[in-house]
Amino acid sequence: MRVDVPPFKSRAKAALGDAVLKTAIDRTAGNAEKKRAIAVGDFPQFPAARVRGRQIKDHVVANLGHYLVEFEQNAIRSGAKVHWARTSEEASRIVIDICRAAGAKRVTRSKSMLGEEIGLPHALETAGIERVETDLAEHIVQLAGETPSHIVWPAMHKTREQVATLFNAKHAVRPDSDAIPDLVASARRDLRKKFLTADVGISGANFLIADTGAVCTVTNEGNAELTTTPPRVHIVTAGIEKLVPSVDHAFALLRLLVRSATGGDFTQYTTFHCGPKRPDDADGPEEFHIVLVDNGRTRMLGEGLAEMLRCIRCGACMNHCVVYRQIGGHAYGATYPGPMGSVLTPVIDGLAKSHDLPNACTLNGRCAEVCPVEIPLPTLLRGWRDKSWKEGLEPLTVRAGIGIWAYFACHPRLYRPATAISVRWMRLFSKGGRISWMPLAGGWTEYRDFPAPQRSTFISSYRAMRKGSQQ
Amino acid sequence: MNTRSDRPRVGLFATCLVDLARPRVGFAALRLLEEAGCSVEVPLDQTCCGQPAFNSGATAHAADLARQLIGQFESFDYVVVPSGSCAAMIKVHYVEALAGEPKWLARAESLAAKTWELMSFLVDVRGYRPAGLALATTATYHDSCSGLRELGISKQPRELLAAVDGLELRPLVGNDVCCGFGGTFCVKYAAISNAIVGEKAAAVEGTGASLLLGGDLGCLMNTAGKLSRLGSKVRVMHAAEVIAGMGDGPGIGEEG
């Protein structure tokens, strides 16, 4: 589905050259980082809530079969139709078939990363169905013909100034000014009519509540409610890891999700969608479909990635990631960017295509430190590196480099003279203690000086010192 | 050599970077451990802990080096390492590298239990505080990620540095944010690494301090290299050098 993209390093380099992108990322992610710190600081039970969040998710993942069956039974009882999709293609096809059966010409969609994962925007276009993105940021991304660059703020990569230019060019009625309230009003004007004339509304799910069969969505704009209520048909697409036993568990996780994502105490809109419109209901869809998507998730259970199924998609890991903060989401070339994305993308796209992602990380651990469900992201990323090495996917230069170095390091009698020679050799390039260029060190010296080593190694100086003191 | 029984036998693992690039850190560690009442030995066949291999996914190579280091160091009462990331490799990750080898796993666990990062060993195990030290300068401290998050090292270096007369320690904005070194990351993804260390260098400059200190030579060489390329006057040293009274010597990347 995804068109061929240039390799990761080229994308990253292009992003690094984009100063406006950096401004946009730092404004939003920087703000999110600060607000999260305050929200977590104001919630003394956060560490305990985190442990409980992890336990809830682990319990569900360990009993996935049980809760899936319970959810399906209760959803059917509420009048919903439940569909199962093994792959992204299957999931998209199910959604398109429902749209076609409903004779849909226009569908509204509220933000769902799962929808992006299964390629729904593309599938709708191919099927000739008009897609209207109703989340403000998704609306921006759609007008610009782009994809989301962050899982919470899809238009993270755009500055307010760029959005103003975009709206001026694309909205039928131009915004009154470039101020944020006028931009929001302009988007509302553009979207409102479409909300009311859509045939199908498609949403994702933040939680699937097993004991009631309800689907929970959270937004700050209310667009999910407008997407799912007026149209005749509501389709939910959700990954199977979104299950929780009951609404209490959903609230336990919401306390973590909102604080970690936006630094708020709670979202503006938290809605539980349960079945289609009943005879006495004032409004609601006539048909309510839930598409449960696997797309590699059950495979993760068997591949040492069960912990990743805890993820509640808060985006804190990317907001706190030094790499994401430099290159933004698009450079990752995948649905999910940042640390969580670099764990998930090899599952979704295959490791051969994406082995750069788990490697393009300093393993500094800040992502795991802020993760509200304690996912050991660096450990999982290293797991992919291990697999990539075993499958021979790493470049020959890296394999040879590490191999030769490890051989010497495993043979101290060869290692000692080799390090002594290296020190002498490196010092040939030193000017006043600094090495600004040295063969085979281009990756370092292109950007930094290499501090010249001292005259001899520690072990040889130590040995000489000891000999001296014994004489 | 002093081998009195109340002096614990400490094996100093200098790390491959200190061995190769900055022996001063090794000698600082030696001096500090002796002052803290230890009998220090330096196994002469030591090389590397295997971290670069482990983090590259070359787990078999890392396991080879882990077994070698365990053999060299397991007879000591303690193993002390002047680096948070190398200490964490031994303390946290050897059991992962050797997970499939039950016999070695037990030896890895036992070595992990007695392995310490230098500054945390001095404070947490030996209750050591330097005395009679003076260095009139302004400094700032970068918390290297592995030491901070895998070993909980944060207060210890600051407590030790607080005992140095005349040393003013200024807060660094983003002191707990990665400098972009990441071992082989800094050469494999050099452009990204450069952008990250560029921000670190700017934050260091922003403190107005004349000296940057830290506990991990890799991060320090990365940041020193960037500061130097940018023409900064900030000098960079391992905190152990200052605590050992060697703070008046050449900084990283200065001819000594």
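All of these numbers come straight from a predicted model, not from anything done at the bench.

Calculation notes
- Residues numbered from 1 in each chain as written.
- Chains lettered and ligands numbered in written order.
- Predicted model: local features only at pLDDT ≥ 70, side-chain atom pairs only at ≥ 80, totals over all residues.
- Domains from an automatic or database assignment.
- Contact = placed C-beta atoms within 7 Å.
- Helix = DSSP H or I, 4+ residues; strand = E, 2+ residues; numbered from the N terminus.
- Nonpolar A, V, L, I, M, F, W, Y, C, P; charged D, E, K, R; others polar.
- Axes fitted to C-alpha atoms, helices over the stretch in contact; angles between N-to-C directions.
- Left-handed = near helix turned anticlockwise from the far one by under 90°.
- Buried ≥ 20, exposed ≤ 12 C-beta atoms within 10 Å, placed from the backbone.
- Arc of directions from axis to C-beta.
- Pairing = 2+ DSSP bridges.
- Parallel < 35°, antiparallel > 145°, perpendicular 65-115°, else oblique.
- pLDDT = per-residue confidence, 0-100.

Enquirer: How should I be thinking about the domain arrangement of chain A in this particular structure?
Expert: Quoted interface sizes are often the accessible area lost when the parts come together. For chain A, the assigned domains are domain 1 (8-158 + 199-298) and domain 2 (396-470). Averaged C-alpha coordinates put domain 1 of chain A and domain 2 of chain A at centres separated by 52 Å.

Enquirer: What's the story with the interface of chain B and chain A in this structure? I'm lost.
Expert: Listed as interface residues are 58 residues of chain B and, on the opposing side, 51 residues of chain A. Elements with a contribution of two residues or more to the side of chain B that touches chain A: α1 (16-21), α2 (23-35), α3 (51-55), α4 (59-73), α8 (145-151), α10 (185-188), α11 (190-207) and α12 (217-229) of chain B. For the side of chain B that touches chain A, the per-class residue count stands at 30 nonpolar, 16 polar and twelve charged.

Enquirer: Sorry, what's going on with the packing of helix α16 (residues 338-349) of chain A against helix α20 (residues 377-390) of chain A here?
Expert: In a packed pair of helices, the relevant descriptors are the angle between the two axes and the axis-to-axis distance. Residue and element names in this part refer to chain A. Following both chains from N to C, one finds α16 and α20 inclined at 35°, their axes separated by 10 Å at the closest point. In this structure, α16 meets α20 at a crossing whose hand is left-handed. Along the contact surface, α16 presents P339, M340, S342, V343 and P346, while α20 presents L377, L380, L381 and W384. Taken together, the residues of the contact of α16 with α20 sort by class into eight nonpolar, one polar and no charged.

Enquirer: How do you make sense of helix α9 (residues 155-162) of chain B when you look at a structure like this?
Expert: Because the α-helix completes a turn every 3.6 residues, residues three or four places apart line up on one side. All names here are of chain B. Among the residues of α9, those classed as buried are Q156, P157, L160 and L161. The buried residues of α9 occupy an angular sector of 130° when projected down its axis, which confines them to one face. Lining the buried residues of α9 we find α7 (118-125), β5 (134-142), β6 (165-170) and α13 (239-243).

Enquirer: Please explain the sheet that holds strand β7 (residues 233-239) of chain A as it appears in this structure.
Expert: Where strands meet in a sheet, backbone hydrogen bonds hold them as pairs that are either parallel or antiparallel. Residue and element names in this part refer to chain A. If you trace the six strands from one edge of the open sheet to the other, you get β1-β10-β7-β4-β2-β3, paired in parallel fashion. In this open sheet, the two edge strands, each paired with only one partner strand, are β1 (81-85) and β3 (130-133). The average undirected angle you get between the axes of adjacent strands in this sheet is 20°. Alignment of strand β2 (residues 106-109) against β3, held across four bridges, turns out to be parallel. Bridged to R109 within β3 is E133. Strands in contact with helix α10 (residues 180-197) are β2 and β3; relative to β2, the strand with the most contacts, it is inclined by about 115°.

Enquirer: Please explain unusual backbone geometry as it appears in this structure.
Expert: Negative phi characterises most residues that are not glycine, and trans characterises most peptide bonds. Residue L363(A) is not a glycine yet carries a positive backbone phi of 55°. Even without being a glycine, T15(B) presents a positive backbone phi close to 85°. Its location among the elements puts T15(B) in the loop between β1 (9-12) and α1.

Enquirer: I keep staring at the sheet that holds strand β7 (residues 211-214) of chain B and nothing clicks. Help me out?
Expert: Residue and element names in this part refer to chain B. What the four strands build is an open sheet, ordered β6-β5-β7-β8; its pairing is parallel. One side of each edge strand has no neighbouring strand; the edge strands of this open sheet are β6 and β8 (235-238). When the angles between neighbouring strand axes are averaged without regard to direction, this sheet yields 35°. Here β5 pairs with β7 via four bridges, running parallel. Bridging from a neighbouring strand, Y141 pairs with L213 of β7.

Enquirer: Would you explain the pairing of strand β3 (residues 78-81) of chain B in this entry?
Expert: Residue and element names in this part refer to chain B. Burial along β3 is two-sided: Y78 and V80 and V79 and V81, pointing in opposite directions, are all buried. Bridge count for β1 against β3 is three bridges, and the pairing is parallel. Along β3, the bridge assignment pairs V10 with Y78. In the sheet, β3 pairs with strand β4 (residues 115-117) via three bridges, with the strands oriented parallel. When the sheet's bridge partners are listed, V81 is paired in β4 with E117.

Enquirer: I tried to follow the domain arrangement of chain B on my own but got confused; where do I start?
Expert: All names here are of chain B. Looking at the assigned domains, one finds that chain B contains domain 1 (9-124) and domain 2 (130-243). A C-alpha centroid distance of 22 Å is found between domain 1 and domain 2. The partner domain 2 presents 22 residues to the 29 residues of domain 1 that form the contact. Among the secondary structure elements, those contributing two or more residues to the side of domain 1 that touches domain 2 are α1, α2, α3, α5 (84-97) and α7.

Enquirer: Looking at this structure, I do not really get the packing of α4(B) against helix α6 (residues 102-113) of chain B. What am I missing?
Expert: Residues and elements named next belong to chain B. The interhelical angle for the contact between α4 and α6, taken along N-to-C directions, is 60°, at an axis separation of 10 Å. As judged from the angle between their axes, α4 and α6 are oblique. Of the two possible hands of crossing, α4 and α6 adopt the one that is left-handed. Contacts from A66, R67, I70 and F73 in α4 reach W104, R107, A108 and L111 in α6.

Enquirer: Whenever I open this one, the confidence of the model for chain B confuses me. Can you help?
Expert: It should be kept in mind that the predicted coordinates are not to be read in detail where pLDDT is low. Model confidence for chain B is summarised by a mean pLDDT of 96, while 98% of its residues fall at 70 or above. Predicted complex metrics record ipTM = 0.96 and pTM = 0.96.

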